[in-house]
Amino acid sequence: MFSTGHIIWIVISLILTIFGVLYCRRKRPSIDRLLKVCLLLGLISEVVKVLCVIEIVPVVKPVVENGVLVYQETRKYAPYIEAEHLPFELCTLQMPFMLLALTVKDEKWRKRIFALIYGTSIIGGVMALLLSSIAPEFATVKDFLLAPRAWQFFLYHAMIITEGIYIGMSEECELHFRDMKWMMLFVVVLDFATFYLNSIMTVPYYSGKELMGLAYPINYFSSYNNPLGIIVKEKWQWFIYLLIRIGIALVVTPLVFLPLRIKKHRNSDV
């Protein structure tokens, strides 16, 4: 993390975000138009991601030979995407959120979805840029700058941050500081759901009926492993980690929604 290549991409993403926000302020597209463009770009980004991460792997059959487990090749091959690349992270979920905002007609619920997109796209996008999960994949700056996966990752997150900022600026959405509660409620529900999803997608190893451990743990929403370097061996340590996450959310989320209150006061003074 924070290799030279990573820092270069953070700077590029920041420049693109500033340019995108200034462009939107100048052209003032409708929110529906913005969502449609971002949704289309997001789908293209997802296709690029799939083409980058998909692998052609042999189909094998596990058998025991002389008391040793071996994997016999069947001479068949299949395309495969590892579970960590499935579209269940908060940033990838922006596309279903955009689709909901475009299809929901009830104005109250549409506004609540806008609050969800505003907060999660900015917070999630910034965290993804800073804590990039793909950064360790590249050994050199050249590899980082030439990899299609890096372009896809950083351009997509710059886009959703731009989208979130413009939604907050838009008079069409009419977001207020108090709408923060809806974003937090939705995120809590999604976060809780990932506890189930991570367990479903992770491979457990049993000896008889006793759970011995896990293989390939999935970490959507960082609910299993943490990016803070905290060692979690016991349930009480995991509870502490959850409390830390909650504490960070209670600090960061109001800071992100604070500009909405400032904007409201400025408009009321005019």
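Below you will find a few notes about this structure. All values derive from a computational prediction rather than experimental measurement.

1. A closer look at the layout of surface pockets
Roughly 570 Å³ of volume is contained in the second largest pocket. Around the second largest pocket sit 22 residues that line it, and Val37, Cys38, Leu41, Leu155 and Met159 are the ones nearest its centre. Among the secondary structure elements, those contributing two or more residues to the lining of the second largest pocket are α1 (4-27), α2 (31-53) and α6 (148-169). The element best represented in the lining of the second largest pocket is α2, accounting for eight residues. When grouped by side-chain class, the residues that make up the lining of the second largest pocket number 16 nonpolar, four polar and two charged.

2. Examining the pattern of salt bridges
Following the criterion strictly, the structure yields four salt bridges and no others. Across the salt bridge formed by Lys49 and Glu46, the nearest N and O atoms sit 3.0 Å from each other. Of this pair, Lys49 and Glu46 both sit in helix α2, three residues apart, roughly one helical turn. Summarising the burial analysis for this pair, Lys49 and Glu46 share the class buried.

3. What to know about the nonpolar core
Counting residues in hydrophobic clusters, the biggest one holds 53 residues, and the most contacted among them are Leu35, Phe114, Tyr118, Ile167, Leu175 and Phe257. Looking at this core, the elements with two or more residues in it are α1, α2, α3 (94-103), α4 (107-130), α6, α7 (180-201) and α8 (235-269). With 10 residues, the top contributor of residues to this core is α4. Residue contacts for Phe114: discarding those within four places in its chain leaves Ile31, Leu35, Ala101, Ile167, Cys173 and Leu175.

Rules and cut-offs
- Residues numbered from 1 in each chain as written.
- Predicted model: local features only at pLDDT ≥ 70, side-chain atom pairs only at ≥ 80, totals over all residues.
- Heavy atoms only, no water.
- 1 Å grid on protein atoms, 1.4 Å probe; cavity = no way out; pocket = protein on both sides within 12 Å on 5 of 7 lines; lining within 4 Å.
- Points joined across faces, edges and corners; volume = space filled by probe spheres on them.
- Helix = DSSP H or I, 4+ residues; strand = E, 2+ residues; numbered from the N terminus.
- Nonpolar A, V, L, I, M, F, W, Y, C, P; charged D, E, K, R; others polar.
- Salt bridge = Lys/Arg side-chain N within 4 Å of Asp/Glu carboxyl O.
- Buried < 20%, exposed > 50% of the residue type's maximum accessible area, 1.4 Å probe, protein only.
- Core = buried A, V, L, I, M, F, W, Y, C linked by side-chain atoms within 4.5 Å.
- Contact = heavy atoms within 4.5 Å.

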